[in-house]
Structures are given as structure tokens and as C-alpha cells.
Amino acid sequence: MTATDLQLDERGRLRHFLSIEGLSRELLVSIMDAAESFSSVTEQTVKKVPLLRGKTIVNLFFETSTRTRTTFELAAKRLSADVLNVNIATSATTKGESLLDTIRNIEAMHVDMFVVRHAQSGASHFIARHVAPHISVINAGDGRHAHPTQAMLDVYTIRKHKPDFQQLTVAIVGDILHSRVARSEIHALRILGVREIRAVGPRTLIPSDIGRMGVNIHHDLDSGLKDVDVVIMLRLQRERMSGGFIPSAHEYYACFGLTASRLALAKADAIVMHPGPINRGVEMDSKVADGCQSVILQQVTHGIAIRMAVLSMAMRLDTRMETP
Amino acid sequence: MADFPGTDALLDHLENSLRQEIVRRGIQDPVMIGIHSGGAWIAELLHARLGIREPLGKLDITFYRDDFSQIGMNPQVRASHLPFRVEGRDILLIDDVFYTGRTIRAALNEIFDYGRPSQIVLGVLLERDGRQIPLRPDCVGGMLDLPLGQRIKLTGPDPLALSIHANGT
């Protein structure tokens, strides 16, 4: 069963959210539209809506995360769901319990949804295939494979500033080899019809087959940035690097660090994005990260609205009451 | 489907009823909220007719519906927007048709998440039989008895027209 088959029910609605790949443009747009509606919740004195009251969402993070876990938690709480954060570092899996046994035990607590982050590619897909039918699984990042909610919040941020995707040239810069964010972003940008996607970085950090995803490869930052509308900088994932992918952080910055003078090669109204956490002075200069073209903190805010949209759209209906 | 004439007359009647209620309650500076979508269309007209000072607020009560767990997320949902502070205000809440009362319950819950108003006056273009919870409008444009299995639909905004349909059509 493919991820797409697993993700959608027979009526084309979200069942799990595991990967951007294979989803329709209409579905991506409807997730962004729902996020737009949820953004008004922050205008309320009581910053929550009762949509998921009585539902229990489990954050199952096998890898550390601050931004993603907290924004998922806040999104769930703003939907009035109960949230259970399972700290895997101190859980029974470290005592030898298998992943499936952990899942079965948490299922027995009558929960409704798992938000999963795991170092292994395909972990969320595996869990989605084995969970009880009433439980939805949201992928919050699996190995090098996918980080679909990050991709959605990125395209949502782009749409806020530049709504016509078909006119855009987007540069994704840095460690694309280890980046699940880049892979999901490329799928999302392709589905939304972006005119040109560029993958920019050193040869060691650009997968050789990335051209098959419909992107143009640049090993020179200056040519990669020329006349782009959007610059997405990626974090150097040194925790995933086992060999000498780059000579040094200093040299990487000299060749691929985004400075104000390099950003000037992009269009004057180009926006700068980064999924965080930023390594200042490695991926970009602080003047760019904090500058007027940076939308990095907006990405964090938009992450809550996008996750509210995904959680509410993927939540299982009460099938005993569902209308035909 | 049958046409249901007379939206102008219903609107006139609702406007008069609201004016009387405003005087009766001694309301000086009300704000108005229309419930998406039919209620917002009617509220646009009443907002101008009553000369309300502050911009019109609009509510989409989708996130407050009590049947989410059965019908799921409606992708057509729009953001609510109340361009004024709700705290301590006198609110005229407008909808097109009052039927079971569940929409109004959801709207009241949403409004109270923006703040604690002084009072809320509920005005609807048409009230029909079939209340399921103990709520009812303060001001109505007209009343209609309809058998179960039929529903009223307002199309608009220009022109506004009411029609009667069998459920499921």
C-alpha cells in the first residue's frame, strides 16, 4: 500500500498525514485555506475553539524537537484536544519494548491520534499501517524522508507573501541530502505549480538523483540566487553526517552562507525562510536572519495554524454517527 | 423546490423590530455581527439601514458546531472577523433562518470567546418551528410553519431570495 492510499479515505479526505507526495493540489489548498481560518483564533480572548474537545492526541517523539513538538502541542490545545507528550528518551522503549508494543499500550489508553517523529525513514508509515482503525497518524518528521507539516507551513508562508505560485522561482539552499524538509517542500512546490525550483548546495550535500524531482541544480550560490522570489535556507544537519561532507563550518559559510550582499542577487522583494533552528554564521548572517526580508518567525506562527488544520482534517469521525 | 417571496417585506419587518428593541433596551451604540453566509448578507443591509457606527463583524461558526465528530471539517470554512472589542458591548446578532437553535448556540459560544458582551439581541429574517434547545430570537422578520423534511434556503447576496427545498435536494 502506498503512502497516498494509506493517507486518504474512500472519499478523498485525509485519514493520516504522512507525506506530501501524491496529494492533490486541491487538498494542499484546502489545508492552507483551513489554516487561514484558524488564524483568527489568535484574535480571540480565549485562544481556542472546541473542535476537538474530548479527543486525545499523543505526541510520540522518538527524536528531540522543540519547535515542532511545541507547535503541535499548542495547535492541539487550541483545538481543545487533550495532549499527551510521551518522552521516548525515558520511556519503556529504552528498556527494550518494541515500537509496536509501545503503540499498542498507548492505543489501550483510548487515544485518537499519534503525532510521530522518528529518526527512521518510514516510521510513521509503519505505525499508520499497524494502528487501530480509529486512530490517525501525523508525520512530524521521519528520518530523511518527509516532514509534511513543515512543507505545508512553508508553502502557506510563501502564499501569504506571493500568492501566485506559477510565477515563482524558489531556491532551496544547503544540506538537501539529509533534509526531509527539502524533499517535502519540493513535492509541495511542484504540486502547487511553482515555475522553477532550484536546489543549491555543495556536490556532497545535493543528492545525485534530485534532478528527477524536477529541480534545477546549482553548485554555486550566486547563480542559484539570481532573480529568485523565495530563498529557503536549510540547516546543516551535522548530527546526520557521518563523513566529511563539508571541510568546515567556516568554509561552508564562505561558499554557501547567505549574506546581505548575496541576497541582493535575488529579486528585491524576495523573502528568506529557514525551518529552524538557525546556525547563525554557518547558514546565514544574523543581519539576514533578522532583516526585513526574513519571514522566519512568521513560519513559526504559521506552523500552529497549519497544524490546527491538519489535526482537525485528519481526525477520525465518529463512524457510529457518520452520515452516509 | 418552491420560491418563497417577500424578502423585502421580511427585511423591513426585521428592521422595525430591531429598532423597537434597541429603544426598549436603551441601547445607544450597538455593534452588529452577521453569521456566515446568509446572516452576513442580511446583516450588511441592516447595518447600513440602522446606521451602525462600527464596521460589521462576521462569524463562521464551523469551529463551534456540535456535530464536528459526525461530519468532520468543512473545507469551505472562512475566518471569523470581529473588527471591534466585544467586552461590554451591546451586540445585534443576525442570522437568516432560526430553526433548531444550534447555530445560535455555536455563535454565542464563539462570541463569548472574544469577550463578555453587555447584552446580545438576536434578529433573524425568518423563524420556523423545530427548536431543539431552549433559545429563541428576540426580533424576527416573519414566521413560517414547515413540515419536517423541508428546509428553507437563502440565496444571495444580490438578489436575496428564499426558497423551500426537500431535505437532500
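This one's a predicted model, so the numbers in the text were calculated from it and none came from an experiment.

## Digging into the confidence of the model for chain A
Here comes step 1: Residues of chain A with pLDDT of at least 70 account for 92%, and the chain-wide mean is 91.
Here comes step 2: Counting interchain partners and residues more than four positions distant, the pLDDT-below-50 stretch residues 320–324 of chain A has 5 contacts.

## Looking at the packing of helix α1 (residues 7–25) of chain B against helix α2 (residues 38–49) of chain B
Residues and elements named next belong to chain B.
Here comes step 1: At a minimum axis distance of 11 Å, the contact between α1 and α2 shows a crossing angle of 55°. It follows from the interaxial angle that α1 and α2 lie oblique. Considering the relative orientation of α1 and α2, their crossing is right-handed. Between α1 and α2, the residues in contact are L11, E15 and L18 and I42, L45, L46 and R49, respectively.
Here comes step 2: Class assignment for the residues of the contact of α1 with α2 results in 5 nonpolar, no polar and 2 charged.

## Looking at the sheet that holds strand β7 (residues 216–218) of chain A
Residues and elements named next belong to chain A.
Here comes step 1: Overall, parallel pairing links the 5 strands, which are arranged β7-β6-β5-β8-β9 in an open sheet. The strands lining the two open edges of the sheet, one partner per strand, are β7 and β9 (271–273). Each neighbouring strand pair of the sheet contributes to a mean axis angle of 20°, computed without reference to strand direction.
Here comes step 2: Bridge count between strand β5 (residues 169–173) and strand β6 (residues 196–200): 5 bridges; the pairing is parallel. By the bridge assignment, I172 is partnered in β6 with A199.

## Some points on the interface of chain A and chain B
Here comes step 1: Listed by partner, the interface residues are 21 residues for chain A and 18 residues for chain B.
Here comes step 2: Elements that contribute at least two residues to the side of chain A that touches chain B include exactly α2 (25–38) and α12 (296–314) of chain A.
Here comes step 3: In terms of residue count, α2(A) provides more of the side of chain A that touches chain B than any other element does, 5 residues in total.
Here comes step 4: Here the side of chain A that touches chain B is composed, by residue class, of 8 nonpolar, 8 polar and 5 charged.

Calculation rules
Residues numbered from 1 in each chain as written. Chains lettered and ligands numbered in written order. Predicted model: local features only at pLDDT ≥ 70, side-chain atom pairs only at ≥ 80, totals over all residues. pLDDT = per-residue confidence, 0-100. Contact = placed C-beta atoms within 7 Å. Axes fitted to C-alpha atoms, helices over the stretch in contact; angles between N-to-C directions. Helix = DSSP H or I, 4+ residues; strand = E, 2+ residues; numbered from the N terminus. Parallel < 35°, antiparallel > 145°, perpendicular 65-115°, else oblique. Left-handed = near helix turned anticlockwise from the far one by under 90°. Nonpolar A, V, L, I, M, F, W, Y, C, P; charged D, E, K, R; others polar. Pairing = 2+ DSSP bridges.

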